[in-house]
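Structural description and commentary
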Amino acid sequence: MNMQNLKENAKQFLKIEPIANKETPFIIHHPFIKYNPIIYQTRKGNIKSIDVFSNKELKKYFDRMEQLIDECKTPQQIFNLMTQPYKLYFFYLNSNKLSNNDYNNCLKDIWINTEFPNNDRNISVKKILTLFKKSDSSLMMSKEENEFYNSLPDKVKIYRGTHDSNNYEALSWTTDYETALWFAKRFHTDGYVLEAIIDKKDIIAFFNDRNEHELIIDFTKIKDLKIEKDLTIKI
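Residues numbered from 1 in each chain as written. Predicted model: local features only at pLDDT ≥ 70, side-chain atom pairs only at ≥ 80, totals over all residues. Heavy atoms only, no water.

**Things to note about the overall build of the chain**
If you tally the helices and strands in the chain, you get nine helices and 11 strands. Its C-alpha atoms give the chain principal-axis dimensions of roughly 55 × 40 × 25 Å. Here the chain holds 235 residues, and 46% of them are scored as buried. Considering only contacts in the chain between residues 6 or more positions apart, those separated by 24 or more positions represent 65%. Carbon and sulfur atoms form 48% of the exposed surface of the chain, whose accessible area is close to 13,000 Å². When the 35 basic and 33 acidic side-chain charges of the chain are each reduced to a single mean position, those positions are 6 Å apart. (Helix = DSSP H or I, 4+ residues; strand = E, 2+ residues; numbered from the N terminus. Buried < 20%, exposed > 50% of the residue type's maximum accessible area, 1.4 Å probe, protein only. Contact = heavy atoms within 4.5 Å. Areas by Shrake-Rupley, 256 points an atom, 1.4 Å probe, with all protein chains shown as cover. Lys, Arg positive; Asp, Glu negative; His and termini not counted. Charge placed at Lys NZ, Arg CZ, Asp CG, Glu CD.)

Right, here's the structure in full:
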């Protein structure tokens, strides 16, 4: 693992120009900035608030972030400094610099803590699938998750809750219908529950950190896809 090279690449991400969200300008698109104004702690421990679009103040913030990056001792600490929408893309660009353990631990942590990772604007779902195919699922999964995975039959019925009936090319499915139904109705009163069959050999991992019975699958291998629209069960 080349930590120094990882740090230098993180510093390059600092140089990306901050962009304000058109609908909600206080939300900022940047690997190390989430909101405007930025509130951060200086090296002396003082709390400071700055305007993202003040070049002089922004440089001071970037200098502080470079110091924090230099202080990182593990790849996980670097990822923890970054905003969620950029973690998976940074991982993709730097995955070859990680040890086997760091690769698997960071990939799982980023995945389960990122909102809508299947819809990441910075990296395609097919590239994410490639990342998972390179992983060691036994290292990503806990003892209990490994036991559940090993207990699965050769063919598994899986579900996915979505607001788009065509949204089946995704890595994240579940063995639990009620979980899929919750996601289908998460933001709206209607939605779709997709049902399919997957061979166990095409299931990459099982995660249950959020009690969602999540399966990471090779979505190119799903069979017998069915779409349920009339979701009458109330959540």
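Once you've had a look at it, read on.
**What about the side chain of histidine 30?**
Residue position: histidine 30 is located in strand β2 (residues 27-30). We classify histidine 30 as buried; its relative accessible area is 0%. At a separation of 2.9 Å, a polar atom in the side chain of histidine 30 contacts the main-chain amide nitrogen of phenylalanine 32. Excluding anything up to four places from it in sequence, histidine 30 contacts Phe13, Leu14, Ile16, Glu17, Pro18, Phe62, Thr83 and Tyr86. (Polar contact = N/O pair within 3.5 Å; in protein donor to acceptor, adjacent residues only side chain to side chain.)

**Some words on the state of the cysteines**
One pass over the structure, following the stated rule, counts zero disulfides. Considering cysteine sulfurs only, cysteine 106 is the nearest to cysteine 72, which forms no disulfide, with 11 Å between them. Judged by relative accessible area, which is 2%, cysteine 106 ranks as buried. (Disulfide = S-S within 2.5 Å.)

**Comments concerning unusual backbone geometry**
One can expect most non-glycine residues to show negative phi and most peptide bonds to be in trans. Cis geometry marks the peptide bond from asparagine 36 to proline 37, where omega comes out at 5°. Within the fold, proline 37 resides in the loop between β3 (33-35) and β4 (38-41). Of note in this structure, histidine 213 is not a glycine but carries a positive phi near 50°. Residue placement: histidine 213 occurs in the loop between β9 (203-207) and β10 (214-217).

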